[in-house]
Amino acid sequence: MAALAFELYFTLAYGLVAMCFVAPPKEFVSAGLTIQNILSSYLGSEDMDFVGYHLRRTASTVLVHSCLPLGYYIGLGMISKKLNMFEPGRADIMINMCLLLCVGIAVYGVALVRYWSWDRWSHHPLCKVLASHGGPWRAVASSINIEFRRITKFTSIIGATKLFITDSWIVKCTAYKVHVAHKPDVHLSIIASEDHDISPENSVSLQFLNILVESINPTVEPFVIRLLSTDYGDLKDRLQAPIRNARNVIIHQSLSDRFLDAFRSLVEQNERFHLGDAEEPEPCIGCMQQQADIKLHKLCDDEGSSGDCVSCYCRPMWCLDCMGKWFASRQDQQRPETWLSSTCPCPTKITKVRSSVCWMCVKLTDN
């Protein structure tokens, strides 16, 4: 009876550790007990060789996971007299079948990885996906590697799944597979949402969106990306095509996004600042992606303003979104109801921006 209890404890412990290797929790990740960290010297750098890194990572993951059942059998056989596979004359059918199954899974994993790596990884599923985008797969891999090094890429990590969106590619990385789609060829559709009242990290609610990615390239199979609703705005900014919401899924915005909507609506109600004939708006110094379209306009009187309200002589240099993000970042994050009636330092540190009393943001017009 004691032996059976010990075998049960070993089974539970080994199963728990194996599950943590298959789907590592954040405790395992922070402790470095992941395949990526343990085999880091073999896998190389993801930043320098993204495609090569994931070729080796997926192969190593398949190999390690396929050996887990055999590791359980060997470990249990070494500590259990009943299942001691080294004992001569053992002919128990169930034990032999279990051994055959564990060895078969391990052999299949080794054979599959050997097939993938044959001819310099040409048979790997990722290489076949890259080749389906036209041209040699190494040329496509080189393009992805170059774009992945840029800091402008979008990154979302949920559990063991990573999502990267570069200038031209959508890449989803799972434990055994890497999905790749060319951005100009895809159609995205929101197919479902998941609402959670409590986040694992804090007490705030979360919403996950499931978005189907379909390519007009018939050789690229559709796949689903999952991300937080608070990242939805950043995702749209990096896509060239709209995201369809045929099921009318209600997307919960982040607090900053909701403030930007309110900030934008208030600014739209303000008067316009007319540029001179010789003036042209310059790129916004906050993002360098949009033209500057905001000018701070003084409303207060000098008397009674305690010297905080002075004229702004800066040329228009900010866009509406960057100015709103700047204002929101300088507020009390625990009291969002006071944001629209609060103040913040001017981005140039010269004066203070008062949202409704002394200053207002006005949009530019060309004439």
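Residues numbered from 1 in each chain as written. Predicted model: local features only at pLDDT ≥ 70, side-chain atom pairs only at ≥ 80, totals over all residues. Heavy atoms only, no water.

Caption draft 1: Just the overall build of the protein chain, in detail. Counting its secondary structure elements, the protein chain contains 11 helices and 13 strands. A buried classification covers 37% of the 367 residues belonging to the protein chain. Summed over all atoms, the accessible surface of the protein chain reaches about 21300 Å², with 59% contributed by carbon and sulfur. (Helix = DSSP H or I, 4+ residues; strand = E, 2+ residues; numbered from the N terminus. Buried < 20%, exposed > 50% of the residue type's maximum accessible area, 1.4 Å probe, protein only. Areas by Shrake-Rupley, 256 points an atom, 1.4 Å probe, with all protein chains shown as cover.)

Caption draft 2: Local environment of the UniProt feature "transmembrane region" (unreviewed entry) in the protein chain. Those places that UniProt annotates as "transmembrane region" (unreviewed entry) correspond, in this numbering, to residues 6-23, 62-81 and 93-116. Helix makes up 94% of residues 6-23 and strand 0%, whereas the separation of the span's terminal C-alpha atoms amounts to 26 Å. As annotated, residues 93-116 has a helix share of 100% and a strand share of 0%, and its two end C-alpha atoms lie 34 Å apart. (UniProt positions renumbered as here; feature names shortened; annotations may be inferred.)

Caption draft 3: Representation of the state of the cysteines. Scanning the entire structure with this criterion turns up zero disulfides. As a non-bridged cysteine, cysteine 319 has cysteine 322 as the owner of its nearest cysteine sulfur, 3.5 Å distant. (Disulfide = S-S within 2.5 Å.)

Caption draft 4: Looking closely at the sheet that holds strand S6 (residues 206-215). As summarised here, the arrangement of the four strands in space is S7-S6-S5-S8, forming an open sheet in which the pairing is mixed. Looking at which strands have only one partner, the edges of the open sheet turn out to be strand S7 (223-228) and strand S8 (243-244). Relative to S8, strand S5 (residues 186-196) is paired through two bridges, and the arrangement is parallel. Within S8, the residue paired with serine 189 across the bridge is arginine 244. (Pairing = 2+ DSSP bridges.)

Caption draft 5: Structural view of the packing of helix H5 (residues 50-79) against helix H6 (residues 93-121). Two elements in contact, H5 and H6, have axes separated by 8 Å at closest approach and are oriented at 165°. Considering their axes alone, H5 and H6 lie roughly antiparallel with respect to each other. The chirality of how H5 crosses H6 is left-handed. A breakdown of the residues in the contact of H5 with H6 according to their chemical character gives 20 nonpolar, three polar and one charged. (Axes fitted to C-alpha atoms, helices over the stretch in contact; angles between N-to-C directions. Parallel < 35°, antiparallel > 145°, perpendicular 65-115°, else oblique. Left-handed = near helix turned anticlockwise from the far one by under 90°. Nonpolar A, V, L, I, M, F, W, Y, C, P; charged D, E, K, R; others polar.)

Caption draft 6: Expanded view of H6. Look at H6: 39 Å from first C-alpha to last across 29 residues, which is about the 42 Å you get at 1.5 Å a residue. What H6 keeps buried is the set Ile95, Cys102, Ala106, Gly109, Val113, Trp116 and Trp121. In this structure, the buried residues of H6 make contact with helix H4 (40-43), H5 and helix H7 (125-131). (Expected span 1.5 Å × (residues − 1). Contact = heavy atoms within 4.5 Å.)

Caption draft 7: Representation of the nonpolar core within the structure. The biggest cluster of nonpolar side chains holds 22 residues, and the ones touching the most others in it are Phe50, Val51, Leu130, Ile144, Val171 and Val180. Those elements that place two or more of their residues in this core are H5, H6, H7, helix H8 (137-148), strand S3 (169-173) and strand S4 (178-182). For this core, the two domains that each supply at least three residues are domain 1 (1-117) and domain 2 (128-252). In contact with valine 51, not counting residues within four places along its chain, are Leu126, Leu130, Trp137, Ala141, Ile144 and Asn145. Counting 20 residues, the second-largest nonpolar core is a separate cluster that includes Trp318, Cys319, Phe327 and Cys344. (Core = buried A, V, L, I, M, F, W, Y, C linked by side-chain atoms within 4.5 Å. Domains from an automatic or database assignment.)

Caption draft 8: Representation of the packing of aromatic side chains in the model. Throughout the structure, instances matching the rule amount to eight aromatic pairs. Pairing phenylalanine 10 with tyrosine 72 gives two aromatic rings, centres 5.9 Å apart and planes at 20°, and the pair type is stacked. Here tyrosine 72 lies in helix H5 and phenylalanine 10 lies in helix H1 (residues 2-22), a separation of 62 residues in the sequence. A cation over an aromatic ring shows up here: lysine 153 above the ring of phenylalanine 148, its NZ or CZ 4.6 Å from the ring centre. For arginine 226, the ring lying beneath its charged end belongs to phenylalanine 208, and the centroid distance is 4.1 Å. (Phe/Tyr/Trp six-rings, centres within 6.5 Å; stacked < 30°, edge-to-face > 60°. Lys NZ or Arg CZ within 6 Å of the ring centre and 35° of its normal.)

Caption draft 9: Structural detail: the sheet that holds S3. Reading across from one edge, S1-S2-S3-S4 is the order of the four strands in this open sheet, with antiparallel pairing throughout. In the strand order of this sheet, the two ends are held by strand S1 (154-158) and S4, each with one partner. Each strand of the sheet is rotated relative to its neighbour by a mean of 10°, with strand direction disregarded. Both S3 and S4 contribute to a ladder of five bridges, which runs antiparallel. Looking at S4, one finds that tryptophan 169 is bridged to histidine 182. Across the sheet, H5 is in contact with strand S2 (161-165), S3 and S4; its angle to S3 comes to roughly 25°. Its contacts with the sheet place H8 against S2, S3 and S4, and it is angled at close to 90° to S3.

Caption draft 10: Just a nonpolar patch on the surface, in detail. Residues Phe6, Ile74, Met78 and Ile79 make up a contiguous nonpolar surface patch of roughly 390 Å² in combined accessible area. In terms of residues, the nonpolar patch owes the most to one element, H5, which gives three residues. Looking at the element boundaries, isoleucine 74 is found in helix H5. (Patch = residues over 30% accessible without salt bridge, like charges linked within 9 Å, V, L, I, M, F, W, Y side chains within 5 Å. Salt bridge = Lys/Arg side-chain N within 4 Å of Asp/Glu carboxyl O.)

Caption draft 11: Quick peek at the pairing of S2. Judged from the five bridges that link them, S1 and S2 form a sheet pairing that is antiparallel. Bridge pairing links isoleucine 157 to lysine 162 in S2. Hairpin connection, S1 to S2: the antiparallel pair is bridged by two residues, and glycine 159 has positive phi, about 65°. In this sheet, S3 lies alongside S2 in antiparallel orientation, the contact comprising four bridges. If you follow phenylalanine 164 over to S3, its bridge partner there is valine 171. Count of turn residues in the S2/S3 antiparallel hairpin: three residues.

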